[in-house]
Amino acid sequence: YGAEVDIWGTGCVVAEMITGSPLFMGDSDIDQLDKIMRGLTPAQNSSQSKVRKLLGPKMGPKGLSFIEKLLALDPAKRPTAADW
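Just so it is clear, the model here is predicted, and its values are computed rather than measured.

About the thresholds
- Residues numbered from 1 in each chain as written.
- Predicted model: local features only at pLDDT ≥ 70, side-chain atom pairs only at ≥ 80, totals over all residues.
- Heavy atoms only, no water.
- Helix = DSSP H or I, 4+ residues; strand = E, 2+ residues; numbered from the N terminus.
- Buried < 20%, exposed > 50% of the residue type's maximum accessible area, 1.4 Å probe, protein only.
- Contact = heavy atoms within 4.5 Å.
- Areas by Shrake-Rupley, 256 points an atom, 1.4 Å probe, with all protein chains shown as cover.
- Lys, Arg positive; Asp, Glu negative; His and termini not counted.
- Charge placed at Lys NZ, Arg CZ, Asp CG, Glu CD.
- Phe/Tyr/Trp six-rings, centres within 6.5 Å; stacked < 30°, edge-to-face > 60°.
- Expected span 1.5 Å × (residues − 1).
- Arc of directions from axis to C-beta.

A.B. asks: Describe in detail the overall build of the chain, supporting the description with residues and values.
C.D. replies: Each helix and strand in the chain was counted, giving four helices and zero strands. Element order for the chain, N to C, with α for helix and β for strand: α-α-α-α. Buried positions account for 29% of the 84 residues belonging to the chain. For the chain, the proportion of contacts with a sequence separation of at least 24, taken over those separated by at least 6, is 48%. About 5700 Å² of surface is accessible on the chain, with carbon and sulfur atoms providing 57% of the total. Of the charged side chains in the chain, 10 are positive and 10 negative; the average position of the first set lies 11 Å away from that of the second.

A.B. asks: Can you break down the packing of aromatic side chains residue by residue, with the values?
C.D. replies: Here the structure, examined in full by the defined rule, presents one aromatic pair. Plain terms: the ring middles of Trp-8 and Phe-24 are 6.0 Å apart, the flat faces sit at 20 degrees to each other, and that makes the pair stacked. With Trp-8 in helix H1 (residues 3-19) and Phe-24 in the loop between H1 and helix H2 (29-40), the pair connects residues that are 16 residues apart, well separated along the chain. Neither Trp-8 nor Phe-24 differs from the other in exposure class; each is buried.

A.B. asks: Before we move on, could you go through H2 and cite the residues and values that matter?
C.D. replies: Residue pairs spaced three or four apart in an α-helix point in one direction, given the helix's 3.6 residues per turn. Along its twelve residues, H2 runs 17 Å from first to last C-alpha, staying within 8% of the 16 Å computed at 1.5 Å per residue. Buried within H2 are the following residues: Asp-31, Ile-36, Gly-39 and Leu-40. Seen from one end, H2 has its buried residues packed into an arc of 150 degrees, which puts them on one side. Residues Ile-30, Leu-33 and Arg-38 are exposed on H2 and point more than 90 degrees away from its buried face. Here the buried face of H2 lies against H1 and helix H3 (50-55).

Structure, rendered in C-alpha cells:
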C-alpha cells in the first residue's frame, strides 16, 4: 500500500462528489476490476472513456484532466500530493 492508492481514492471521491454516485460500483472484486477497466479505457468505437463521457459535461477541461490523472491505471503515472 502506498500513496498512489490514496491518490486513486481521491480521484474516486472527487468524481463521486461531482456525479452524486460511485464511479465503479462492482458486486465483487472481479466485477469491480471489470468496471474500472471498462470505465477508464475507450470503447472500440470511441476515443473517449466512459469516465470522460460521464464527467465531461459536468467539468471543465482542467478539472477533467485532473481527475483523469488521479485515476491513471499505472500508479507510477499518477501525480503525487506534492505535485499539486
